[in-house]
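Inside the fold
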Amino acid sequence: MNKPIRLGVLAWEVARNHTIEDYARHLDALVAEAAPHADLLLMPEYSCMEAAAALTDRPDPAAELEAVCRYSDAILNIMRETAQRHKVWLMPGTLPRPEAAGVRNRAPLIAPDGQVAFQDKHVMTRFENESWGVRAGNPPGVFETPWGLIGTSVCYDSEFPMLARAQIEAEAWLILVPTCTDSMHGFNRVRISAQARALENQCFVAVSPTVGDAPWLATLDENHGCAGVYGPVDRGFPADGIMAEGRLDQGGWIFITLDPATLDAVRENGAVRNCRDWPVTVPVARRIPFST
């Protein structure tokens, strides 16, 4: 049964790490700040790449990826121990994971007892494809949580409606979007997409970005965005669908309680029924003839 959730969504300001322990302390401080106020915490895509500065001797994207992959198990253990220590559900961003088929960009959801499940990024950006060779991961799935089924759409994945739709049809009511964007163009693509997914599926979508400048890193040298939570654009919700939003390019948490019962109500009694009216089959466009 779906239940209300207290959600914390972070705009992660990239910090300078001199040791892997610096990353662990940064993660712990952020979780410690938010855990008393939320049931589940969402952090950005590739936020753990800030640890690369402690593992490489110069800003270089290939070297940074290789270093974080080499320490991927250790970083995952840091994430798990942090969730256990603070007794909170945690999506600590995404983590490059070296697999037999190549590196994948994986978003772990960690339970308070340390159990972990992963959602892979499915569609790679040009940088991931052309500079890093990161491979597409498993297709969209849903996580079973105490608040019902929750989906994750990693950054660029949010720009493809059919991926989120698969999760909605699997009965997800909340979609988490960890993102890492180095321009306002990139961030606005994700934000607009998140709002569109919330509108068309009459669901909640939460976006967590990296923010700030980090010239000591090639991977996270420039970061733009704001934390945000978006919902349906219909009665009972804000007129623009913005449930909560932080300040642009400023680090920090936003907190909100989301009630899935409000989604049930709008899907049934809203001015429109976007979720129910989703086409069963994808139509093929035809040429429309003119006549005299």
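For the structure given in this document, a descriptive report is provided here. Being a predicted model, the structure only gives us computed values, none of them experimental.

1. Let's talk about the nonpolar core
One finds Leu 7, Leu 40, Leu 174, Leu 176 and Leu 258 to be the most contacted residues of the largest nonpolar core, which totals 45 residues. Per-element accounting of this core gives the leading share, five residues, to strand E10 (residues 204–213). Leaving out residues up to four positions away in the same chain, Leu 40 has contacts with Ile 5, Arg 6, Leu 7, Gly 8, Trp 89, Leu 109, Trp 147, Ile 150 and Leu 176. Core analysis: the next-biggest nonpolar cluster, separate from the first, contains 42 residues, Val 14, Val 31, Met 43 and Val 88 among them.

2. Details of the pairing of strand E7 (residues 142–145)
Side chains Phe 143 and Thr 145 project from E7 onto a buried face, and the interleaved Val 142 and Glu 144 project onto a face without burial. Where E7 meets strand E8 (residues 148–152), four bridges bridge the pair, whose relative direction is antiparallel. Bridge assignment links Glu 144 to a residue of E8, and that residue is Leu 149. Linkage of E7 to E8, two consecutive antiparallel strands, is achieved through a turn of two residues.

3. Considering the packing of aromatic side chains
Remark: the centre distance and the inter-plane angle together describe each pair of aromatic rings, the angle taken between the planes. Following the criterion strictly, the structure yields eight aromatic pairs and no others. With 5.0 Å between their ring centres and 80° between their planes, Tyr 156 and Phe 160 make a pair best called edge-to-face. We classify Phe 160 as partly exposed; its relative accessible area is 25%. Both rings, one in Trp 253 and one in Phe 255, keep their centres 6.0 Å apart while their planes meet at 15°; by these two values the pair is stacked. Ring pairing ties together the aromatic residues Tyr 46, Phe 127 and Trp 132, which thus form one cluster. Its end group placed over the ring of Phe 118, Arg 106 keeps NZ or CZ at 4.5 Å from the ring centre.

What counts and how
Residues numbered from 1 in each chain as written. Predicted model: local features only at pLDDT ≥ 70, side-chain atom pairs only at ≥ 80, totals over all residues. Heavy atoms only, no water. Core = buried A, V, L, I, M, F, W, Y, C linked by side-chain atoms within 4.5 Å. Buried < 20%, exposed > 50% of the residue type's maximum accessible area, 1.4 Å probe, protein only. Helix = DSSP H or I, 4+ residues; strand = E, 2+ residues; numbered from the N terminus. Contact = heavy atoms within 4.5 Å. Pairing = 2+ DSSP bridges. Phe/Tyr/Trp six-rings, centres within 6.5 Å; stacked < 30°, edge-to-face > 60°. Lys NZ or Arg CZ within 6 Å of the ring centre and 35° of its normal.

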